[in-house]
Amino acid sequence: MTTFTATSQDDVARFVAENAEADGPRTLLATGGRTSVARVADQIDADEVSTVMLDKVVDYPARDMTITVEAGLRIDQLTKLLNSETQQLPIDVAQSDVATLGGVLATNTSGTRRFGYGTMRDYVIGITAVDASGRQFHAGGRVVKNVAGYDLCKLMVGSRGTLAIVTQITLKLRPRPECTSFLWSTMSLAKVDTTLERLLRSETRPIAFELLNPSAAGCVANGCGVDLPTGEPVLCIGVDGTERDTTWQIDTLKTELTDMKPAELHVVEGSESGQLLGALTSFAVSDGCPLTFHASLLPSRTVEFVRLATDAGISVQAHAGNGVVHGHLPDSVLSVDAAVALIQPLRDFIQNGSATAAPGPKGGFTVLNCSAEWRSSFAQAGGQTTSTELMKKVKQSLDPRNVFPRGGMIPP
Ligand SMILES: Cc1cc2nc3c(=O)[nH]c(=O)nc-3n(C[C@H](O)[C@H](O)[C@H](O)COP(=O)(O)OP(=O)(O)OC[C@H]3O[C@@H](n4cnc5c(N)ncnc54)[C@H](O)[C@@H]3O)c2cc1C
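The structure displayed is predicted, hence computed values, not measured ones.

Looking now at unusual backbone geometry. The phi dihedral of Arg34 falls on the positive side, at around 65 degrees, and the residue is not glycine. Position of Arg34 relative to the elements: it lies in the loop between strand 2 (27-31) and helix 2 (38-41). Classification of Arg34 by C-beta neighbours within 10 Å gives partly exposed; the count is 15. The phi torsion at Gln95 lies on the positive side, around 50 degrees, for a residue other than glycine. Among the structural elements, Gln95 can be located in the loop between strand 6 (87-88) and helix 4 (101-107). We classify Gln95 as partly exposed; it has 18 C-beta atoms within 10 Å.

Structure below.
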């Protein structure tokens, strides 16, 4: 694999056009911070187009609460800039000192505050990208031209470099809250569903419902120094706003939760709440364990999934209001066969669970990190889903010569 590091957006277009004109074009893999690209890179023979040098701020009209930046800008750099105007992109990203905005958009990364703030799809209002023939196109806000009948702007979110190389992104922003606080409680998994139902009728506006099984609670506690118990599942509820509003929300939640008779209720505020948010965000990726995964399923089935994973000895964190789960296999898993044996029941649960549901996506299961030798065993972890045919058609119409990778999203 050779790497081409672009120093301008035109550079990307020129390189891709030259590749397209060559006899037998090479497969091109777009990369940002490379925090999760290894799993793709090992599976395909491709040349890399690195966007890390594309880190300019193109336009920041702070009063309009929008910003246009190049795709290689690191998340920490973006956050620092937005902080200076008391604004934010409220997407929680692990390894934010390395991860780029283009990578976050391409993987549709979301984290702890997804319940309150949504995902990248809610914030991307415009993109500039380079298609497989090397043509630059623009879509969405500040539109110059939209190249096809698709909403290309939304289509690029989560496309994992399979359709085009994103070079520039326009985002809408949110005000940065004065305060963020968490209320945590231990409770049996049997009680979590009723508690969540109760909280959905709350007078408050929670931004996060994080459910941690005992081993995940231990991992998060180690990462932030907040004294979470590690013997029972922990539910962390996040709120934010002005100082007064946050205090009112915490007090109201305490009263609302009294009916549920929680074993204990603790408030985390001030700098500790920032540390807790950071540790909850970092849980998504872990270099130290044999395998890390990301699953999505119906929110109503999340607690059952957490129970299944817990019984198998897997550490899991669930964004319980959204049906998104991150998991780490235990260190005792030493072979790929042992890993498959632990994971297969979870994948079956996701697939079978929606067999009776209305037509639509069945949920997903993605292996984020594992050793290079194990990767091929999980290459088709997604399997055929109801959206597979649609994805094939989109890929065929935007990249008919497969210049960009299939990326594991689109089974052959
Ligand atoms: C499916 C998936 C889900 C993930 N979910 C989470 C999560 O919920 N929380 C979390 O903290 N981390 C998550 N990660 C981990 C990942 O490291 C982060 O999403 C990170 O933000 C990626 O940024 P990066 O710059 O390191 O991208 P890279 O690792 O360099 O690339 C990641 C993917 O994005 C594509 N890509 C990168 N830049 C561009 C571009 N400019 N144009 C087009 N495609 C591009 C690559 O081809 C590759 O497929 C996830 C990873 C994957 C693969």
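Another aspect to go through is the pairing of strand 11 (residues 179-186). With 7 of its 8 residues buried, strand 11 lies for the most part within the structure. Pairing of strand 11 with strand 13 (residues 234-241) involves 8 bridges; the strand directions are antiparallel. Pairing of Thr180 across the sheet is with Asp240, part of strand 13. Pairing between strand 11 and strand 14 (residues 265-268): 4 bridges, direction antiparallel. Counted as the bridge partner of Ser185 is Leu265 from strand 14.

Our next topic: the domain arrangement of the protein chain. As assigned here, the protein chain comprises domain 1 (3-175), domain 2 (179-282) and domain 3 (291-394). Computed from C-alpha atoms alone, the centre-to-centre distance between domain 1 and domain 2 is 33 Å. Its residues assigned to classes, the side of domain 1 that touches domain 2 shows 4 nonpolar, 3 polar and 2 charged.

Our focus in this paragraph is helix 1 (residues 9-21). Over its 13 residues, helix 1 extends 19 Å from the first C-alpha to the last, a length consistent with the 18 Å expected when each residue adds 1.5 Å. Residues of helix 1 that are buried: Gln9, Val12, Ala13 and Val16. The buried residues of helix 1 all sit within an arc of 95 degrees when viewed along its axis, so they share a single face. The outward face of helix 1, more than 90 degrees from its buried face, is lined by the exposed residues Asp10, Glu18 and Glu21. Looking at the buried side of helix 1, the elements it contacts are strand 2, strand 3 (46-50), strand 5 (66-70), strand 7 (124-130), strand 8 (136-140) and strand 9 (165-172).

Let's shift gears to the environment of Val98. Relative to the helices and strands, Val98 is located in the loop between strand 6 and helix 4. What Val98 contacts, discounting residues up to four positions off in sequence, is Gly33, Thr35 and Arg74.

Our next topic: the sheet that holds strand 9. The strand order 4-5-9-7-8 describes an open sheet built from 5 strands, whose pairing is antiparallel. Single-partner strands in this sheet number two, and they are strand 4 (57-59) and strand 8. When strand polarity is set aside, the average angle formed by the axes of neighbouring strands in this sheet is 20 degrees.

It is worth spelling out helix 8 (residues 214-224) at this point. Among the residues of helix 8, those classed as buried are Ala216, Ala217, Cys219 and Val220. Take helix 8 and look down its axis: the buried residues cluster within an arc of 160 degrees, on one side only. Tucked inside the fold, the buried residues of helix 8 contact strand 12 (208-212), strand 13, helix 10 (271-282) and strand 16 (315-319).

What follows deals with the site of the ligand. Close to the ligand lie 35 residues; Gly32, Gly33, Gly102, Gly103 and Gly161 are nearest. Looking at the shell around the ligand, the elements with two or more residues in it are strand 2, helix 4, strand 9 and strand 18 (364-370). The element best represented in the shell around the ligand is helix 4, accounting for 5 residues. Looking at the shell around the ligand residue by residue, the class counts come to 16 nonpolar, 17 polar and 2 charged. Taken domain by domain, the makeup of the shell around the ligand includes at least three residues from each of domain 1 (3-175) and domain 3 (291-394).

How each quantity is defined
Residues numbered from 1 in each chain as written. Predicted model: local features only at pLDDT ≥ 70, side-chain atom pairs only at ≥ 80, totals over all residues. Helix = DSSP H or I, 4+ residues; strand = E, 2+ residues; numbered from the N terminus. Buried ≥ 20, exposed ≤ 12 C-beta atoms within 10 Å, placed from the backbone. Pairing = 2+ DSSP bridges. Domains from an automatic or database assignment. Nonpolar A, V, L, I, M, F, W, Y, C, P; charged D, E, K, R; others polar. Expected span 1.5 Å × (residues − 1). Arc of directions from axis to C-beta. Contact = placed C-beta atoms within 7 Å. Axes fitted to C-alpha atoms, helices over the stretch in contact; angles between N-to-C directions. Near = placed C-beta within 6 Å.

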